[in-house]
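Observations on the three-dimensional arrangement
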Amino acid sequence: MDKPFYRRALGTIMILTIIYLIHKVKFIFNPLETLVQILIVPFTISGFLYYLLRPIVQFLEARKLNRMLSILLIYLLFAGLVALFLILVWPPLQKQIIDFGNNIPKLVTSLEAQFNAIRDNRLMSMLQTENTQLMEKVTEYVNQGLKEASGYVSHVVTFLNDFFIVVGTVPIMLYYMLKEDQRVRPALLRTVPKTYRSEAQSVLSEIDGMLKGFIAGRMISAIVLAIMSFVGFWIIGLPYPLLLAIVGALFSFIPYFGALLGAIPCVIVAFTVSPTMVIGVIIIVVAAQQIEGNLVSPYIYGKTINIHPLTTIILLLIAGDFAGILGMILAIPTYMVAKIVIVKIYRIYMDSKTEELSL
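Just so it is clear, the model here is predicted, and its values are computed rather than measured.

Topologically, Phe43 is positioned in helix α2 (residues 30-62). Accessibility expressed as a relative area gives 48% for Phe43, which makes it partly exposed. Linking Phe43 and Leu174, residues 131 residues apart in sequence, is a C-alpha distance of 8.5 Å. Not counting residues up to four positions away in its chain, the partners in contact with Phe43 are Met173 and Met177.

Okay, here's the thing in structure tokens:
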């Protein structure tokens, strides 16, 4: 009788039974799910800012400055940067957002005119009618997308509600993350049996280094991409250059798909001007992405990010289906944390098996 086989089979059955029972009583976890949905965005932003600001706190502490005073000093500096943003960047950005929302009907009209001009072009008239039908379908889909965008712009109340929740909770969460930074790791290690504390320490250090490199790299890459896109859009005279550059930079946090998602609104707005403007936008977006991907990212990340492209695409598709854009942003760091933990557990297991065989 193969006892290991029966043990594995019994363990598999028990796991499947537990999963089935959890599925049957999933209503019990509804309050927990609601809590996670409320806290996930503030917690994500707080963690992001924590890894950006922690080096500054450590630098100030090394200069014999109290940790709490260091955090308060950073908050004052951050408030100054926010004030500078509100004075210099927000007025033109706000104007572009309002103009974009008000001009969506005109954008739809301009878009239809451009498609009609292409359809009536002498070259297009020589093609088959199926291509004309395809052009009409494309026009219909794009118009529908612009109308939905108009609907999103109108939901200002919901956006402000979420915005104030984030503004109210992020500074508090971030403060305690920075203040209790040195106590978190020892507290986590105390929950691990003493036999495995050295391995747990190694895992926490590896996770910390990975998240630090990933978040700092993403932020620097997004800023560089936004600056390059804005300058390019401004040179060719694209409407709403600042707004579209920021949108593209935000989407760049999503690997692979982010570049495409960020380019779509730029191309649509460019097409309302002229097909020539579309070519200019595509050249700028591709050039900025190539510079960021081939010059900036490798220098920043080094070997911090080492995931096969196919694995990345699968992760993004699954995470996007479950949690939308936020899931796509969190997919890569979550996968990398899980990978570090699983690899370490597997190595400990294999080492224990080797020791048993040697005895």
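Position of Ser46 relative to the elements: it lies in helix α2. With residues up to four places along the chain from it excluded, the contact list for Ser46 reads Val170, Met173, Leu174 and Met177.

This part takes up the confidence of the model for the chain. Scored by pLDDT, the chain has a mean of 75; 75% of the residues are at 70 or more. Averaged over each element, pLDDT in the chain is lowest for helix α5 (residues 122-125) (50) and highest for helix α9 (residues 197-236) (85). This model gives residues 150-160 a pLDDT under 50, and the stretch forms two contacts once residues within four places in sequence are excluded.

Moving on: the pattern of salt bridges. The tally for this structure, following the rule as stated, stands at four salt bridges. Across the pair Asp208 and Arg54 runs a salt bridge whose closest N-O atoms are separated by 2.9 Å. Taken together, the residues span a long stretch of sequence, with Asp208 in helix α9 and Arg54 in helix α2 at a distance of 154 residues. A salt bridge links Glu61 to Arg67, with the shortest nitrogen-to-oxygen separation between them at 2.8 Å. The structure contains a network of salt bridges with shared partners spanning Lys179, Glu180 and Arg183.

What follows concerns the nonpolar core. Counting 33 residues, the largest nonpolar core has Leu174, Leu178 and Ile332 as its most contacted members. Taken together, the elements giving at least two residues each to this core come down to α2, α3 (67-102), α7 (156-179), α9 and α13 (309-358). Excluding residues that lie within four positions of it along the chain, Leu174 makes contacts with Ser46, Leu49, Tyr50, Leu53 and Tyr75. Ranked by size, the runner-up nonpolar core spans 19 residues in total, among them Leu93, Phe100, Phe233 and Val269.

Calculation notes
- Residues numbered from 1 in each chain as written.
- Predicted model: local features only at pLDDT ≥ 70, side-chain atom pairs only at ≥ 80, totals over all residues.
- Heavy atoms only, no water.
- Helix = DSSP H or I, 4+ residues; strand = E, 2+ residues; numbered from the N terminus.
- Buried < 20%, exposed > 50% of the residue type's maximum accessible area, 1.4 Å probe, protein only.
- Contact = heavy atoms within 4.5 Å.
- pLDDT = per-residue confidence, 0-100.
- Salt bridge = Lys/Arg side-chain N within 4 Å of Asp/Glu carboxyl O.
- Core = buried A, V, L, I, M, F, W, Y, C linked by side-chain atoms within 4.5 Å.

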